[in-house]
Structure formats: structure tokens, C-alpha cells
Amino acid sequence: MAGRRLGQHFLIRPCILERIASAACPEAEPLVIEIGPGKGALTSHLLRRAEHLIAIEIDKDLAAHLAEAYAEEPRLTVIAQDILATDLRQWPATVIAGNLPYYITSPILEKVLPLGPPLRRAVFLVQKEVAERITARPGSRDYGYLSVFTRFYSRPEMLFKVPPGAFSPPPKVDSAVVRLTIEPAGERLGITDASRFLTFLRACFAQKRKTLRNNLSRLYGQQALDAQSEAGLRAEQLSLEQFADLYQRLEAFRADS
Ligand code: SAM
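Calculation notes
- Residues numbered from 1 in each chain as written.
- Predicted model: local features only at pLDDT ≥ 70, side-chain atom pairs only at ≥ 80, totals over all residues.
- Heavy atoms only, no water.
- Helix = DSSP H or I, 4+ residues; strand = E, 2+ residues; numbered from the N terminus.
- Rg over C-alpha atoms; globule rule 2.2 N^0.38 Å.
- Buried < 20%, exposed > 50% of the residue type's maximum accessible area, 1.4 Å probe, protein only.
- Contact = heavy atoms within 4.5 Å.
- Domains from an automatic or database assignment.
- Buried area = accessible area lost by both parts, 1.4 Å probe.
- Nonpolar A, V, L, I, M, F, W, Y, C, P; charged D, E, K, R; others polar.
- Salt bridge = Lys/Arg side-chain N within 4 Å of Asp/Glu carboxyl O.
- Axes fitted to C-alpha atoms, helices over the stretch in contact; angles between N-to-C directions.
- Parallel < 35°, antiparallel > 145°, perpendicular 65-115°, else oblique.
- Left-handed = near helix turned anticlockwise from the far one by under 90°.
- Arc of directions from axis to C-beta.
- Pairing = 2+ DSSP bridges.
- Core = buried A, V, L, I, M, F, W, Y, C linked by side-chain atoms within 4.5 Å.
- Phe/Tyr/Trp six-rings, centres within 6.5 Å; stacked < 30°, edge-to-face > 60°.

It is worth spelling out the overall build of the protein chain at this point. When helices and strands are tallied, the protein chain shows twelve helices and nine strands. Taking 2.2 N^0.38 as the reference for a compact globule, 257 residues should give roughly 18 Å; the C-alpha atoms of the protein chain span a radius of gyration of 20 Å, in line with that estimate. The principal-axis extents of the C-alpha atoms in the protein chain amount to approximately 65 × 35 × 30 Å. In the protein chain, buried positions account for 51% of the 257 residues. At a minimum sequence separation of 6, the contacts of the protein chain that also span at least 24 residues come to 67%.

Assigned domains within the protein chain: domain 1 (2-184) and domain 2 (188-256). Centre-to-centre separation of domain 1 and domain 2, based on C-alpha positions: 32 Å. Counting residues at the interface gives twelve residues for domain 1, matched by 16 residues for domain 2. Summed over both partners, the interface of domain 1 with domain 2 comes to about 1,100 Å²; 71% of that surface belongs to carbon and sulfur atoms. A per-residue breakdown of the area domain 1 buries against domain 2 is headed by Y143, Y145 and F152, which together make up 54% of the total. Across the side of domain 1 that touches domain 2, the residue classes tally to seven nonpolar, two polar and three charged.

On to the pattern of salt bridges. Note that side chains of opposite charge can pair when their charged atoms are close. Scanning the entire structure with this criterion turns up 17 salt bridges. Across the pair E73 and R75 runs a salt bridge, and its minimum N-O distance is 3.4 Å. Residue classification places E73 among the partly exposed positions, given a relative accessible area of 21%. R75 gets classed as partly exposed once you look at its relative accessible area, which sits at 30%.

Moving on to the packing of helix α5 (residues 105-112) against helix α7 (residues 145-153). One can describe the packing of α5 onto α7 by two numbers: an axis separation of 10 Å at closest approach and a directional angle of 25°. In terms of their interaxial angle, α5 and α7 are classed as roughly parallel. As for how α5 packs across α7, the hand of that crossing is left-handed. For the pair formed by α5 and α7, the contact residues are S106, L109 and E110 on the first element and Y145, L146 and F149 on the second. Residue composition of the contact of α5 with α7, by class: four nonpolar, one polar and one charged.

Along α5, the residues classified as buried are T105, I108, L109 and V112. Down the axis of α5, the buried side of the element spans an arc of 100°, and every buried residue falls inside it.

The next thing to look at is the sheet that holds strand β6 (residues 121-127). Strand order in this open sheet of seven strands is β4-β3-β2-β5-β6-β9-β7, and the pairing throughout is mixed. Looking at which strands have only one partner, the edges of the open sheet turn out to be β4 (76-80) and β7 (154-162). The sheet shows a mean angle of 20° between the axes of neighbouring strands, taken without regard to direction. In the sheet, strand β2 (residues 29-35) pairs with strand β5 (residues 95-99) via three bridges, with the strands oriented parallel. Following the sheet pairing, I33 is matched in β5 by I96. Strands in contact with helix α4 (residues 60-69) are β3 (50-57) and β4; relative to β4, the strand with the most contacts, it is inclined by about 160°.

Tracing the sequence through the fold places S154 in strand β7. With a relative accessible area of 0%, S154 lands in the buried category. Once residues within four sequence positions are removed from consideration, S154 is found in contact with L113, L180, T181, I182 and E183.

Right, let's get into the nonpolar core. Residues F124, F197, F200, L216 and F243 are the most contacted members of the largest nonpolar core, which totals 60 residues. Counting residues domain by domain, this core receives three or more from each of domain 1 (2-184) and domain 2 (188-256). Contact partners of F124, with chain neighbours within four places excluded, come to I35, I96, A97, G98, L100, I108, L109, V112, A176, V177, V178 and L180. Of all hydrophobic cores here, the second largest spans 27 residues; its members include I16, L42, A55 and A97.

Applying the stated criterion across every chain, the model contains eleven aromatic pairs. Between Y143 and F205, the aromatic rings sit 6.2 Å apart at their centres with planes inclined by 75°, giving edge-to-face as the arrangement. With Y143 in the loop between α6 (128-134) and α7 and F205 in the loop between α9 (194-204) and α10 (212-220), this pair connects stretches of sequence that are 62 residues apart. For the pair F200 and Y220, a centre-to-centre distance of 6.3 Å together with 75° between the ring planes defines the contact as edge-to-face. Within this pair, whereas F200 is found in helix α9, its partner Y220 is found in helix α10, the two being separated by 20 residues in sequence. As far as burial versus exposure is concerned, F200 and Y220 are alike and both buried. What links up through ring pairs into an aromatic cluster is the set Y143, Y145, F149, F152, Y153, F197, F200, F205, Y220, F243 and Y247.

Printed below as a string of C-alpha cells:
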């Protein structure tokens, strides 16, 4: 049961493992981090493409087995630790990859994407529905906070789907691989306080069916919202650039009043 709780579904199809590794590292990379290596299925494919690989696995038994299997391989460092409690800034990784434990996909994205350079890309296997939310465009059914958050830090792409039969044991859901090419948008959009902007974004999507006026009036007040042409729209209709624009007007209104 512990395995299920930790999202332990191990990939068993070599061709899929190779596709994930080549999407993560189309060329040799100096330092790669793997999240949740498990029994090391993806690890061996990544090791062929990384000069050094740091694999972070919460399950102490799996981590110990992996470290033992690669005892003669100085290019692999196995760390038995919770990824969410790990300071990823201590390593200048250029790529982060993994077949993620699905129960913590969003917290992992929130930890990884703001790292910025030298990180150049993240390639993750996630639940298909989450991959659709990550890559959704404005106006689509799946577009939400996760889509805009991801776009604020990266250029997301859906690469390919992975059926339950590619895993042992098979999960109950379909999966998909996403590539997130790191492209921090804060500077381009003139946003200096990312955490404040994300608080605004969360508020915009707090109740998806409601208008921005409804969702934002607690933060900025009715008067500020009355002055905005977007107030009657729903958050799902706005692009990242439009959110940034609205945010800056509302912040300016607050500063003036
Ligand atoms: N990469 C392997 C594969 O493809 O066969 C295993 C993938 S499995 C979906 C997810 C892995 O993440 C498991 O080995 C699980 O123990 C590990 N894991 C779960 N929660 C974790 C956490 N908080 N930090 C690090 N690893 C975690």
C-alpha cells in the first residue's frame, strides 16, 4: 500500500523510457536531476546522456537498491529524500526530468519552474488530464491557474501520451509527457514581484465560473474593478499577457488611492 501512496507505478517499456530521456537530453547535459527514480528504469537512459545525474527518491529501500546497483558509477548520486523538502538550488542543473508521483505534480511544478536559469528544461511524465491543463490555451476547457502559472515560467508542450499498460502496476489513468522549456516571462512583462502576481492569478481563478470582478473585489475593491474593461470577463478568457496588464493597472490603482 505504501507504494500506491507514493505513486509507485514503474515504467516498463524501453521505447517510452528512451523517448523521455531523449526529450529531456537531446544532447549531452552536464548536470541532470531525476525526480522519483524508483527502480531506476529511466535512470539508466538518462545516465547515457548526462555527465552527472542526481536522483532524488523518497523511498529509502528503493534509493538504497539504486545506490547499490550503481555503486561503481561515480556519475550517479542517489539522494534518499522528499523532493519537496530538497533545496534544488544547491545544484546548477540544466535539466530536470522524471516520471512523477502524480499526487504531488503541482507542488513539484511550483518548486521546479521558478528555479529559472541555468535550468533550461523540465520533462515530466504526468497524468494526461494534468498535461492537458498544463498546456491548455486561453478559452479552452482545461485552461486554469496551472496553465498560466506554467506559462509565466516556461513554454509548455505536450509531447506524447502513455497508456496504463506501459507501467507496472498499471495506473487507473492515462499519462502524457510534457516538455517545459524554461522562459521566465516576469521581466518581459514588467513583473518584479512574482509571488504577488501569483496571488493575484490564484484569486482570478478562485471561482472559475465567476467574473473577474467577483473574484478580485476582495483584493482590490469594487471601485478599482469598475475602471477595468475586463471586469465582466472570466479568468479563463485571458492570456498571460492580459493578466499581467490587468494586474499592473490594478496595482497602480491601489498605489494611487
Ligand atoms: N521513475 C520510475 C519509473 O519510471 O519506473 C518510478 C516512477 S513512480 C511513478 C514515482 C516515484 O517517485 C516512486 O519511486 C516514488 O517512490 C517516488 N516518490 C514519491 N513521492 C516522492 C517524493 N515526495 N520525493 C521523491 N520521490 C518520491
